[in-house]
Amino acid sequence: MIHFVLLVSRQGKVRLTKWYSPYAQKERSKVIRELSGVILNRGPKLCNFVEWRGYKVVYKRYASLYFCMCIDQEDNELEVLEIIHHYVEILDRYFGSVCELDLIFNFHKAYYILDELLIAGELQESSKKTVARIISAQDQLVEVAKEEASSISNIIAQATNR
Amino acid sequence: MNPFSSGTRLRDMIRAIRACKTAAEERAVVRKECADIRALINEDDPHDRHRNLAKLMFIHMLGYPTHFGQMECLKLIASPGFPEKRIGYLGLMLLLDERQEVLMLVTNSLKQDLNHSNQYVVGLALCALGNICSAEMARDLAPEVERLIQFRDPNIRKKAALCSTRIIRKVPDLAENFVNAAASLLKEKHHGVLITGVQLCYELCTINDEALEYFRTKCTEGLIKTLRDITNSAYQPEYDVAGITDPFLHIRLLRLLRVLGQGDADASDLMTDILAQVATKTESNKNAGNAVLYECVETIMAIEDTNSLRVLAINILGRFLSNRDNNIRYVALNMLMKAITFDDQAVQRHRVTILECVKDPDASIRKRALELVTLLVNENNVTQLTKELIDYLEISDEDFKEDLSAKICFIVEKFSPEKLWYIDQMLKVLCEAGKFVKDDVWHALIVVISNASELHGYTVRALYKSVLTYSEQETLVRVAVWCIGEYGDLLVNNVGMLGIEDPITVTESDAVDVIEDAITRHNSDSTTKAMALVALLKLSSRFPSISERIKDIIVKQKGSLLLEMQQRAIEYNSIVDRHKNIRSSLVDRMPVLDEATFNVRRAGSFPASVSTMAKPSVSLQNGVEKLPVAPLVDLLDLDSDDIMAAPSPSGTDFLQDLLGVDLGSSSAQYGATQAPKAGTDLLLDILSIGTPSPAQNSTSSIGLLSIADVNNNPSIALDTLSSPAPPHVATTSSTGMFDLLDGLSPSPSKEATNGPAYAPIVAYESSSLKIEFTFSKTPGNLQTTNVQATFTNLSPNTFTDFIFQAAVPKFLQLHLDPASSNTLLASGSGAITQNLRVTNSQQGKKSLVMRMRIGYKLNGKDVLEEGQVSNFPRGL
């Protein structure tokens, strides 16, 4: 099972964290500090796995971002690399050649996508198309609601101006 | 934008934070934003809630406290619109975790949303529940989730399936409710549902044996067919990853088959064909293919014996191991560790490659490879492998040396063919990585050296030579110092030369140089210095010709900043100075250390190992507690094996060990010329430093014997020492000292002075445990009874985490000392003792009574026993 997902920039800034096992706030920052120290310092040619506190952390670097997932000792590390890549591809498709800035300003979108990919630390969907479809359906719902809201508030605004 | 809203937009806030040049600036921006958000929360305006929470999530990600936003999540979740719910659930998952009580408040909203007409709302609720639900919520909402597994929309079905995995992880009792629903998911065509369904089944199998049996009989064939279908399926762009159709589904199916096949020959038999097919047909030039192969190998190795398949699996691993991709090599090493259990030979074939991996630049690979090598070592290859590893130790990274040296020591200790080899290898490790070697390892080395009498000369010379070159390796210096102190004469006289040695000329002063260097080096730690001081004392007798120089070095330590060192320097100086006639017997060579007891102790690592003695000589316990400040105790700790071996000896042994002298014989010698009393005098002389009157010197003698209860008027103890027929020997404080003397001056008898004696009682006895109490009184304080409890394990299994608790009525006061150990060896082969002090405020009117509770772990299970003691002797 995936215990947490972590996105850190090369400068060590956290871009996304998702915890599937309970970690208190203090532990969380400690884990992030500890792991980004280890992972950011690893050379480019080394393997993508780090053993850490009896768990394994699988990480992969995409441009300036490190995608990390912490898994159990007996889990399949190679598969987790595929899951990371799967996530990146979906992000790429959604944002259209995704970059770090997209994830900073639309961090909530990145979370929504992750929630369509993983639940309870397990993979829920292997089709990128399906994820994209569900996300856009929900975005659509939000748009519709927004339009309604703005039209109502416009009416009220006009009413109060008069 | 909403015309009513105030404050900055999310985007603007992120920009402002990113524009900050310093952390202080960032904090200021965040503080201002948080203040605004708090203000808006207080206004309770639903329009801004949405945006405030988004901001809070960003702030949370930066690591600032955001607990004040938790209630906002709940409000958003409770609001009717989808956008609000969406952000509300996201905030809930980010800002809260299952341990916060606020979470319970959301249960009702979740329940409503699970029954919502909009399937996306249901999806949000399932997702939140699956990610952060607590055990209580899991129990409350399990029926809803179970129902949703059958929902018409696959999107909901798959979410419900994963949500169920979380629920049964939290509450394994609920597992059986999900078995049927999970089985139905295995027939699905939709990959998402299938993946999550297989995952749920896997989870059920691992926690519930009935479920495992059910799936094994009902679903094995279906799963094999599904796996065959996707393995053979034509190109499906939606699921294709590097030429493999849905590797994720492949992997999950293989994993579920693994648990179904494990321990069941029939099921294993059914799946051999498809496993062979996956193992041979899967493309291995991309990561996705390798991930599938890896999972397949793991399944092959876990299911029941099918030899041809295993050969296939080992071959795949061999290919992995020679792969150039570090990831693949890493998993290969990982898998070979499992493979070694059933095919050692096949793994041994790759030994050379694995050894190369130990030297890899990648720390993760090195670590794996080192662990694998440790498993590969056996009697036949130990010399070769150790040589390779030690050679590498010389050039390895500093931060890897600790792990590497620990493993080498482990291998060397476990498989050493002979003592000479063992000592040689250990010396090499100490030279290269002495500062990383753990205490128990070099302690063990000293025990072995001490037992190899024919190698004493060789060892001390080898150590001497190494320490000249590697004087910065702390533990090497310690072992060398100890050996030179013990066997210094063998060093200078070239005694016991082995054929392999080159003769060396070491003068007495060369040997002392080494010790002096150890004691004066500024970076030697206190243990090393203390050991060096003892070595000097010993050498002063071994090398009489230069004892003046040794004395000078000892005297210099009087100025040491460490109290312990100062004190010892003064004491030793006085021994060197004034007691030439007894010195040689005082610093005689240590008796051979008992290997067996040392090993037992090391294995059990008793916390306070010495207390099997009748009156656990207070001094030793004190020493154990003071470990860091009293470095000499380290020596004692190591040396007191004799005490462990025979539970009965009095404290004299301890003293003997301290000084490394056989007092029994020396007092016998003296007995020939002097009155029997001389034995006491001899000891007094050792104790009294500088002045013949011991009473004036209480502190230093106390120091030497490290009596814990200094408060208990030590001078009484000394009085008893000086007078041959002590009038009031029986104070507690003196007993520790008294024990020490017991062997020497036979005149005072303990029983006579202990006041009325009480018969020991059996306080508690069950089929597995027996507790005995022995009593003694502190004279002058009749109300207080000292109870020594002895716990004996009557069962054939060892108890761990043993804890004894006692309670008494109000008129009694109870004080419990720490127990001698928390591990109780099986079949009465070891006993724990613990001292209790009971003060009876109504002594004479009421007798003692006690309730007790004993907890321990037996084979990993907690056991609790309770009892009441009412058979205390009367009058306590």
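Residues numbered from 1 in each chain as written. Chains lettered and ligands numbered in written order. Predicted model: local features only at pLDDT ≥ 70, side-chain atom pairs only at ≥ 80, totals over all residues. Heavy atoms only, no water.

A. Inspection of the overall build of chain A at higher detail. For chain A, the helix and strand inventory stands at 5 helices and 7 strands. Taken over 162 residues, chain A has a buried fraction of 59%. Partitioning the intrachain contacts of chain A with sequence separation of at least 6 by distance along the chain shows that 46% fall at a separation of at least 24. Total accessible area on chain A stands at roughly 6700 Å², and carbon and sulfur atoms take up 53% of it. (Helix = DSSP H or I, 4+ residues; strand = E, 2+ residues; numbered from the N terminus. Buried < 20%, exposed > 50% of the residue type's maximum accessible area, 1.4 Å probe, protein only. Contact = heavy atoms within 4.5 Å. Areas by Shrake-Rupley, 256 points an atom, 1.4 Å probe, with all protein chains shown as cover.)

B. Focus on the interface of chain A and chain B. Of the residues lining the interface, 67 residues belong to chain A; the matching set on chain B comes to 73 residues. Summed over both partners, the interface of chain A with chain B buries about 6000 Å², with 56% contributed by carbon and sulfur atoms. In this structure, the connection of chain A to chain B is made through 9 salt bridges. Here A:Asp139 and B:Arg86 are joined by a salt bridge, their closest N and O atoms 2.8 Å apart. Here chain A is connected to chain B by 30 residue pairs in polar contact (both at pLDDT 80 or more). Ranked by residues supplied to the side of chain A that touches chain B, first place goes to helix 5 (residues 128-161) of chain A with 13 residues. Taken together, the residues of the side of chain A that touches chain B break down into 32 nonpolar, 14 polar and 21 charged. (Buried area = accessible area lost by both parts, 1.4 Å probe. Salt bridge = Lys/Arg side-chain N within 4 Å of Asp/Glu carboxyl O. Polar contact = N/O pair within 3.5 Å; in protein donor to acceptor, adjacent residues only side chain to side chain. Nonpolar A, V, L, I, M, F, W, Y, C, P; charged D, E, K, R; others polar.)

C. Representation of the packing of helix 2 (residues 77-95) of chain A against helix 4 (residues 107-117) of chain A within the structure. Residue and element names in this part refer to chain A. In contact at an axis separation of 11 Å, helix 2 and helix 4 are set at 130 degrees when each is read in the N-to-C sense. Judged by the inter-axis angle, helix 2 sits oblique to helix 4. In the crossing of helix 2 with helix 4, the sense of the turn from one axis to the other is right-handed. Together, Ile83, His86, Tyr87, Ile90, Leu91, Tyr94 and Phe95 of helix 2 and Lys109, Ala110, Ile113, Leu114 and Leu117 of helix 4 make up the contact between the two elements. For the contact of helix 2 with helix 4, the per-class residue count stands at 10 nonpolar, 1 polar and 1 charged. (Axes fitted to C-alpha atoms, helices over the stretch in contact; angles between N-to-C directions. Parallel < 35°, antiparallel > 145°, perpendicular 65-115°, else oblique. Left-handed = near helix turned anticlockwise from the far one by under 90°.)

D. Region of interest: the sheet that holds strand 6 (residues 799-807) of chain B. Residue and element names in this part refer to chain B. Pairing within the open sheet is antiparallel, and its 3 strands lie in the order 6-9-10. The sheet is open, and its two edges are formed by strand 6 and strand 10 (861-869), each paired on a single side. Averaged over all pairs of adjacent strands, the angle between their axes in this sheet comes to 15 degrees, without regard to strand direction. (Pairing = 2+ DSSP bridges.)

E. Structural context of the nonpolar core. One finds A:Tyr87, A:Leu118, B:Leu92, B:Leu204 and B:Phe215 to be the most contacted residues of the largest nonpolar core, which totals 288 residues. By residue number, the principal contributor to this core is helix 26 (residues 474-493) of chain B, which donates 12 residues. (Core = buried A, V, L, I, M, F, W, Y, C linked by side-chain atoms within 4.5 Å.)

F. Structural detail: the packing of helix 22 (residues 398-415) of chain B against helix 23 (residues 419-433) of chain B. Residue and element names in this part refer to chain B. Two elements in contact, helix 22 and helix 23, have axes whose closest approach is 10 Å; the angle formed by their N-to-C orientations is 175 degrees. What the angle tells us is that helix 22 and helix 23 run roughly antiparallel. Along the contact surface, helix 22 presents Lys401, Ser405, Ile408, Cys409, Val412 and Glu413, while helix 23 presents Trp421, Tyr422, Gln425, Met426, Val429, Glu432 and Ala433. Of the residues contributing to the contact of helix 22 with helix 23, the split by class is 8 nonpolar, 2 polar and 3 charged.

G. Geometry of the packing of aromatic side chains. Applying the stated criterion to the full structure yields 21 aromatic pairs over all chains. Relative to B:Phe802, the ring of B:Phe791 lies with its centre 5.1 Å away and its plane at 55 degrees, an arrangement referred to as tilted. Of this pair, B:Phe791 sits in strand 5 (residues 781-793) while B:Phe802 sits in strand 6, and the two are 11 residues apart along the sequence. Among the residues examined, B:Phe802 registers a relative accessible area of 6% and is labelled buried. The ring centre of A:Tyr112 lies 3.7 Å from the NZ or CZ of B:Arg86, which sits over that ring. Over the aromatic face of B:Tyr202 sits the side chain of B:Arg255, whose NZ or CZ is 6.0 Å from the ring centroid. (Phe/Tyr/Trp six-rings, centres within 6.5 Å; stacked < 30°, edge-to-face > 60°. Lys NZ or Arg CZ within 6 Å of the ring centre and 35° of its normal.)

H. Up close: a negative patch on the surface. All names here are of chain B. Together, Asp173, Glu176, Asp209 and Glu210 make up a negatively charged patch on the protein surface. Within the secondary structure layout, glutamate 210 lies in helix 12 (residues 209-232). With a relative accessible area of 64%, glutamate 210 lands in the exposed category. (Patch = residues over 30% accessible without salt bridge, like charges linked within 9 Å, V, L, I, M, F, W, Y side chains within 5 Å. Lys, Arg positive; Asp, Glu negative; His and termini not counted. Charge placed at Lys NZ, Arg CZ, Asp CG, Glu CD.)

I. Here's a closer look at the pattern of salt bridges. Using the criterion set out here, one finds 41 salt bridges over all chains in the structure. Between B:Asp229 and B:Lys225 there is a salt bridge; the shortest N-O distance is 3.1 Å. Within this pair, B:Asp229 and its partner B:Lys225 are both found in helix 12, separated by 4 residues, close to a single helical turn. What makes B:Asp229 partly exposed here is its relative accessible area of 40%. One salt bridge in this structure joins B:Glu486 and B:Lys538, with 2.4 Å as the shortest N-O distance. Placement of the pair is B:Glu486 in helix 26 and B:Lys538 in helix 28 (residues 526-542), with a sequence separation of 52 residues. For the pair shown, B:Glu486 and B:Lys538 are each scored as buried. When salt bridges that share partners are traced, they join A:Glu79, B:Arg252, B:Arg255, B:Arg258 and B:Glu295 into one network.

J. Inspection of the pairing of strand 1 (residues 2-9) of chain A at higher detail. Residues and elements named next belong to chain A. For strand 1, the buried fraction is high: 8 of the 8 residues fall into the buried class. Across 7 bridges, the pairing between strand 1 and strand 5 (residues 65-71) is antiparallel. Bridge pairing links phenylalanine 4 to cysteine 70 in strand 5. Pairing between strand 1 and strand 2 (residues 14-19): 5 bridges, direction antiparallel. When the bridges of strand 2 are listed, valine 5 appears paired with lysine 18. In textbook terms, the turn of a hairpin is the stretch between consecutive antiparallel strands, and for strand 1 and strand 2 this stretch comprises 4 residues, one of which, glycine 12, has a positive phi near 90 degrees.

K. Expanded view of helix 7 (residues 119-132) of chain B. All names here are of chain B. Counted at 1.5 Å a residue, the expected span for helix 7 with its 14 residues is 20 Å, and the 20 Å between its end C-alpha atoms agrees. Summarising burial for helix 7: 14 of the 14 residues are buried, a large majority. Two or three places before tyrosine 120, at the start of helix 7, stands the capping residue asparagine 118, its side-chain oxygen 2.8 Å from that residue's backbone nitrogen. (Expected span 1.5 Å × (residues − 1).)

L. Structural context of the sheet that holds strand 3 (residues 49-52) of chain A. Residue and element names in this part refer to chain A. Sheet architecture is open: 5 strands sit in the order 2-1-5-4-3, paired in antiparallel fashion. The sheet is open, and its two borders are formed by strand 2 and strand 3, each paired with just one other strand. Each strand of the sheet is rotated relative to its neighbour by a mean of 20 degrees, with strand direction disregarded. In the sheet, strand 3 pairs with strand 4 (residues 55-62) via 4 bridges, with the strands oriented antiparallel. Within strand 4, the position partnered with glutamate 51 by the bridge is lysine 56. The strands touched by helix 1 (residues 25-40) within the sheet are strand 1, strand 2, strand 3, strand 4 and strand 5, with strand 1 carrying the most contacts at an inclination of about 60 degrees. On the sheet, helix 2 packs against strand 1, strand 2, strand 3, strand 4 and strand 5 and is oriented at approximately 40 degrees with respect to strand 4.

M. Examining the environment of B:Ile519 more closely. All names here are of chain B. Position of isoleucine 519 among the secondary structure elements: in helix 27 (residues 508-520). Overall, isoleucine 519 belongs to the buried group, its relative accessible area being 2%. Each C-alpha atom of the pair isoleucine 519 and lysine 529 lies 4.8 Å from the other, and the pair is 10 residues apart in sequence. If sequence neighbours within four positions are ignored, isoleucine 519 has contacts with Lys529, Ala532, Leu533, Leu536, Ile553, Gln557 and Met565.

N. Geometry of unusual backbone geometry. Residues and elements named next belong to chain B. A positive phi is found at alanine 242, a non-glycine position, where the angle reads about 50 degrees. If you trace the backbone, alanine 242 turns up in the loop between strand 1 (240-241) and strand 2 (244-245). Even without a glycine there, the phi angle at aspartate 801 is positive, about 50 degrees. Tracing the backbone shows aspartate 801 in strand 6. Among the residues examined, aspartate 801 registers a relative accessible area of 40% and is labelled partly exposed.

In short, the description is geometric, and any link to function would need to be established separately.
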